[in-house]
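Chain and residue survey
Here are the chains, one letter per residue:
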Amino acid sequence: MATIDLDKMLEKIKDSQWALADIDWEAPGADKISPEQWPKLKAFMSDLMWIEHVGARGFAAMAKKAPTDTLREIYTYFHAEEQRHANAEMALMRRWGMLEGDELPEPNINLRLTIEWLDRYSDDMPLEVLGSVIPMLEIALDGALLKFLLEEVDDPLCHEVFAKINGDESRHLGVDFHVMEMLGRGKLHQLAVKTIGTVANPKLILGVLAYAPLLNKMRDNIVAMGLKEERLYDAMNKYERIGGRTEEGRRNPWFQIISQHGKMVVNRSHPYHVPVDALVKLTSFIPNRAVGPVPTWVKGLTWRTTA
Amino acid sequence: MTTVVEKAKTAPRKRKATRQGTSEPVKQDVHEVLIVGAGFGGLGTALRLQQDGIRDVVILERAADIGGTWRDNTYPGAACDIPSNLYSFSFAPNPDWSRSFSGSGEILKYVHYLADRFNLRRMVRLNRNVTGLEYDEAAGVWSAVTASGEVFRGRSVVMAQGPLSNPGLPKIAGIDSFKGHTVHSAQWDHEYDFTGKRVAVIGTGASAVQIIPALVPQAAKLKVFQRTPGWVLPKPDFATPGWNRTLFRKVPASQAAVRKALYLGHESVALGIVWNSPLTRVVEKVAEAHLNRQVKDPWMRRQLKPDFRIGCKRVLMSSDYYPALQQDNCELVTWPIARISEQGIRTAEGIEHQFDCIVFATGFDVSNAGTPFPVRGVGGRELGQEWHRGAQAYKSINVSGYPNLHMTFGPNSGPGHNSALVYMESQIEYILKAVRVLRALEIKALDVKSHIQARHNREIQKRLAKTNWNSGCKSWYLTEDGFNATMYPGFATQYARQMASLDLKDYALIRA
């Protein structure tokens, strides 16, 4: 993969900023959501909006770890852009009558646990872990879900909004994979030793316990919405295809770990699913209040174009 | 191409001639010393020159009044973050400081006191905005041209216009499109009533941490736009007890002792702030404890915790900034600013934050890679061009090829841990020596040798490489290319030692 000039990318990011106020939220087409679609779409949008925050919180942590000022600034923008996507998705929900007043959509418990983990521990994780796992979440969850959405929803405004979001996401993925390759440089034995050191970190193990059931939960949600889970798997395979297309990318141990894990996820007959599906079930019994207070950054979420 | 002096040559004479009702060209006096700027630097230099018997001094001031920084920075809450007993001249102590860290009004009063007490106003020419300096090699005379075309001539010239005297605006798209009110911290609009207004403050540096606590009680809503959080240390600001003032008045030695103690205290802080030492972590721990004690919300703490080593950027001093940020009507916004629109500020999370007024607490245009106006030396060489990749001088005060030109707060004279006025006093005494040498040896000019200047700068840059300022963060101390043309890498005591003697071997002595 041709390496990206991060300085040029930062300029491109700055030049591509858009605001909720650029969109006419009252434009015709809101009635194109059918009554049968409505409840499923509401659940879907709620998940999507919170998935944006998994990425957001990941980028916030990565900004602190970035080895250069340029990358730090890029991640700071990406953090904000993920919040922008969440805000725009809330504005769509509002348009479709799915939100009352300043009500926020409820995240499912697995998303809540993942965000909670990110809030508590992501700042302590090395860039190698975050820089390799965030692309998987972006490509698999964000990417796949957006595709489904555009196939299902006829509201033209939805397409307009997601064209903007996709524009941002393509830049995110470009930088994501560039950084993954960057992280694969260096001596292999050093990369391995560093990885083994991190794998043994109890905070990371907790993260895996949040991440693994999240993927399975999202798969279940997709199936419940009447969509084909293979689409999710296609997106996950894309991670392996793009991430592994260069020598450096393949040398990144975290890429290897995450793609191997991805292979287990997409193979429904793999024994991996027995404990993880059990975890999904188990976590469904956790009441939201047990997770702890909602972080205060949530207060910044809004569907309003101005504040 | 005509030079600034050529352009101006006829205009002032005509003006004077008209005034005097004669067509005879008026011969301009050559003053012994010309000074640009009537702030602490200019007035302090004039004061000491006068005490030394050098009375033919003219100070050119661009504004309608004296006072420099403290005339311009009158925003609510403006104060010095160095204790007043140290932020004043040792040769003109003030026993009556009302607080440990006095506000801008009181400091300005002290500047006026200096001007009155030492009869300096007679030297000051107000509303003279210097637009260029040029050296006449044959005559050994400097000419200062003002915006209105007047020319002032002097044997020696002191550039005391101040390093932080021109307000700087950030490069934000659409900055001119905002239809509401805008204010810069260094050009405060005292007519504007902030009561009940929706206000944005852009910037979280030294001015912002003072403005924000003062504006929060007035504004209906105040949003603070932060790009990079700074390290904040608590500020032990208290009213000076009456007995203390009486003591200082009756026993001046007691004030000198307090000043010495404050000086040494600040010197010791250099160990933590200027260089990376075990003390650096201690100072960071103090700042972290201050943050953790005043801010309980983990996300806000995270937003306010710096990622760079303390000292790399200017250390902030405030005990009321963090509490102000947490008031119900105040909000900290850390999203990058995408653009300024007609009604407010659009940030990258896609929201337009709307305001009645935007306050730019965005600091100053620092001339660390140029000069504020053209300065032409021997053979028409231009200082701004020579400095375009970073300013360099000898001992921060003289530049080779610019004889008899002196600077207060020239390149690499900035303190990060001690009072600017302590450094300034060393500079002033050095200027005094130079002017005295011209008189005593009856020579035309002193011009520092270029190889001496180059050697000095190699040494300075070598020492700077080991400091926290050069440890990787972006700050106004550095040029775009990361060259540090601003700070002095050492203790104030070392700087004073550097400035203590003027070695004639370092200079070419130009005789008439």
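What you see is a predicted model, and the numbers here were worked out from it, not measured in a lab.

**Thoughts on the overall build of chain B**
Helix and strand content of chain B: 14 helices and 20 strands. Taking 2.2 N^0.38 as the reference for a compact globule, 512 residues should give roughly 24 Å; the C-alpha atoms of chain B span a radius of gyration of 24 Å, in line with that estimate. Counting only C-alpha atoms, chain B reaches 70 × 50 × 45 Å along its principal axes. A buried classification covers 57% of the 512 residues belonging to chain B. Of all intrachain contacts in chain B linking residues separated by at least 6 positions in sequence, the fraction that spans at least 24 positions is 72%. Approximately 21,300 Å² of chain B is accessible, and the part contributed by carbon and sulfur atoms is 52%. Charge separation in chain B, taken as the distance between the mean sites of 64 positive and 46 negative side-chain charges, equals 4 Å.

**Regarding the domain arrangement of chain B**
All names here are of chain B. Domains assigned within chain B are domain 1 (4-166 + 365-510) and domain 2 (181-231 + 275-360). Across the boundary between the two partners, domain 1 contributes 24 residues, which contact 22 residues of domain 2. Approximately 1,900 Å² of surface area, both sides summed, lies buried where domain 1 meets domain 2, with 53% of it carried by carbon and sulfur atoms. Connecting domain 1 to domain 2 are 1 salt bridge. Salt-bridge contacts for Arg314 lead to Asp81; the nearest nitrogen and oxygen are separated by 3.0 Å. Counting across the interface, domain 1 meets domain 2 through 10 residue pairs in polar contact (both at pLDDT 80 or more). Looking at the side of domain 1 that touches domain 2, its residues break down into 10 nonpolar, 10 polar and 4 charged.

**Section: the interface of chain A and chain B**
Contacts between chain A and chain B engage 29 residues on the former and 20 residues on the latter. Around 2,000 Å² of area is buried between chain A and chain B when both sides are counted, 54% of it from carbon and sulfur atoms. There are 4 salt bridges connecting chain A and chain B. For A:Asp22, the salt bridge goes to B:Arg346, with nearest N and O atoms at 2.9 Å. Linking chain A with chain B are 13 residue pairs in polar contact (both at pLDDT 80 or more), by the criterion used here. If you list the elements that add at least two residues to the side of chain A that touches chain B, you get α2 (37-65) and α3 (69-95) of chain A. At 10 residues, the largest contribution of residues to the side of chain A that touches chain B is made by α3(A).

**Topic: the side chain of B:Gln210**
All names here are of chain B. Its place among the elements puts Gln210 in helix α5 (residues 208-215). Of note is the side chain of Gln210, whose polar atom sits 2.6 Å from the side chain of Tyr75. Gln210 has contacts with Tyr75, Pro76, Gly77, Ala78, Ala79 and Lys235, leaving out every residue within four places of it along the chain.

**Let's talk about the sheet that holds strand β8 (residues 198-202) of chain B**
Residue and element names in this part refer to chain B. Taken in spatial order, the 5 strands of this open sheet run β7-β16-β8-β9-β12, and their pairing is parallel. Two strands lie at the open edges of the sheet, namely β7 (181-184) and β12 (330-333), each paired on one side alone. Across the sheet, the axes of successive neighbouring strands diverge by a mean angle of 20°, strand direction being ignored. Along the sheet, α5 contacts β8, β9 (221-225) and β16 (357-360); its crossing angle with β8, the most-contacted strand, is approximately 165°.

**Details of the packing of aromatic side chains**
Applying the stated criterion across every chain yields a total of 25 aromatic pairs over all chains. Ring centres of A:Phe59 and A:Phe78 lie 5.2 Å apart, and the angle between their planes is 65°; on these two criteria the pair is classed as edge-to-face. Taken together, the residues A:Phe59 in helix α2 and A:Phe78 in helix α3 connect sequence positions 19 residues apart. Per residue, the accessibility class of A:Phe59 equals that of A:Phe78, and both read buried. Three or more aromatic residues joined by ring pairs make a cluster, and in this case those are B:Phe40, B:Trp70, B:Tyr87, B:Phe89, B:Phe91, B:Trp97, B:Tyr110 and B:Tyr113. Directly above the aromatic system of A:Trp303 lies the positively charged group of A:Arg94, at a separation of 4.0 Å from the ring centroid. For B:Lys313, the ring lying beneath its charged end belongs to B:Phe308, and the centroid distance is 5.7 Å.

**Looking at a nonpolar patch on the surface**
Residue and element names in this part refer to chain B. Judged by side-chain polarity, Leu271, Leu279, Val282 and Val286 come together as a nonpolar surface patch covering roughly 290 Å² of accessible area. The leading source of residues in the nonpolar patch is helix α8 (residues 278-294), at 3 residues. Turning to its location among the elements, Leu271 is positioned in helix α7 (residues 252-273).

**Looking at the packing of α7(B) against α8(B)**
Residue and element names in this part refer to chain B. Running from N to C, α7 and α8 cross one another at 100°; their axes reach a closest spacing of 6 Å. Taken together, the axis directions place α7 and α8 in an arrangement best described as roughly perpendicular. The residues of α8 that touch α7, namely those facing Ser268, Leu271, Gly272 and Ile273, are Leu279, Thr280 and Val283. Of the residues in the contact of α7 with α8, the class split is 4 nonpolar, 3 polar and no charged.

**What about the pairing of β9(B)?**
All names here are of chain B. Most of β9 sits out of view: 4 of its 5 residues are buried. Here β8 runs beside β9; their pairing, made up of 5 bridges, is parallel. Along β9, the bridge assignment pairs Arg198 with Lys221.

**A look at the state of the cysteines**
Residues and elements named next belong to chain B. By the definition in use, this model includes 1 disulfide over all chains. Two residues, Cys312 and Cys473, share a disulfide whose sulfurs are 2.0 Å apart. In this structure, the disulfide formed by Cys312 and Cys473 twists by about -110° around the S-S bond and is classed as left-handed. With Cys312 in the loop between α9 (298-304) and β11 (316-317) and Cys473 in the loop between α13 (450-464) and α14 (492-500), this pair connects stretches of sequence that are 161 residues apart. Residue Cys312 is classed as buried on the basis of its relative accessible area of 0%. Cysteine Cys330 is unpaired, with the sulfur of Cys357 as its nearest cysteine sulfur at 14 Å. Accessibility expressed as a relative area gives 8% for Cys330, which makes it buried.

**Re the environment of A:Lys8**
All names here are of chain A. Tracing the backbone through its elements, the reader meets Lys8 in helix α1 (residues 6-15). Under the relative-accessibility criterion, Lys8 is labelled exposed at 61%. Along the primary structure Lys8 and Thr70 are separated by 62 residues, whereas in three dimensions their C-alpha atoms are 9.8 Å apart.

Criteria and thresholds
- Residues numbered from 1 in each chain as written.
- Chains lettered and ligands numbered in written order.
- Predicted model: local features only at pLDDT ≥ 70, side-chain atom pairs only at ≥ 80, totals over all residues.
- Heavy atoms only, no water.
- Helix = DSSP H or I, 4+ residues; strand = E, 2+ residues; numbered from the N terminus.
- Rg over C-alpha atoms; globule rule 2.2 N^0.38 Å.
- Buried < 20%, exposed > 50% of the residue type's maximum accessible area, 1.4 Å probe, protein only.
- Contact = heavy atoms within 4.5 Å.
- Areas by Shrake-Rupley, 256 points an atom, 1.4 Å probe, with all protein chains shown as cover.
- Lys, Arg positive; Asp, Glu negative; His and termini not counted.
- Charge placed at Lys NZ, Arg CZ, Asp CG, Glu CD.
- Domains from an automatic or database assignment.
- Buried area = accessible area lost by both parts, 1.4 Å probe.
- Salt bridge = Lys/Arg side-chain N within 4 Å of Asp/Glu carboxyl O.
- Polar contact = N/O pair within 3.5 Å; in protein donor to acceptor, adjacent residues only side chain to side chain.
- Nonpolar A, V, L, I, M, F, W, Y, C, P; charged D, E, K, R; others polar.
- Pairing = 2+ DSSP bridges.
- Axes fitted to C-alpha atoms, helices over the stretch in contact; angles between N-to-C directions.
- Phe/Tyr/Trp six-rings, centres within 6.5 Å; stacked < 30°, edge-to-face > 60°.
- Lys NZ or Arg CZ within 6 Å of the ring centre and 35° of its normal.
- Patch = residues over 30% accessible without salt bridge, like charges linked within 9 Å, V, L, I, M, F, W, Y side chains within 5 Å.
- Parallel < 35°, antiparallel > 145°, perpendicular 65-115°, else oblique.
- Disulfide = S-S within 2.5 Å.

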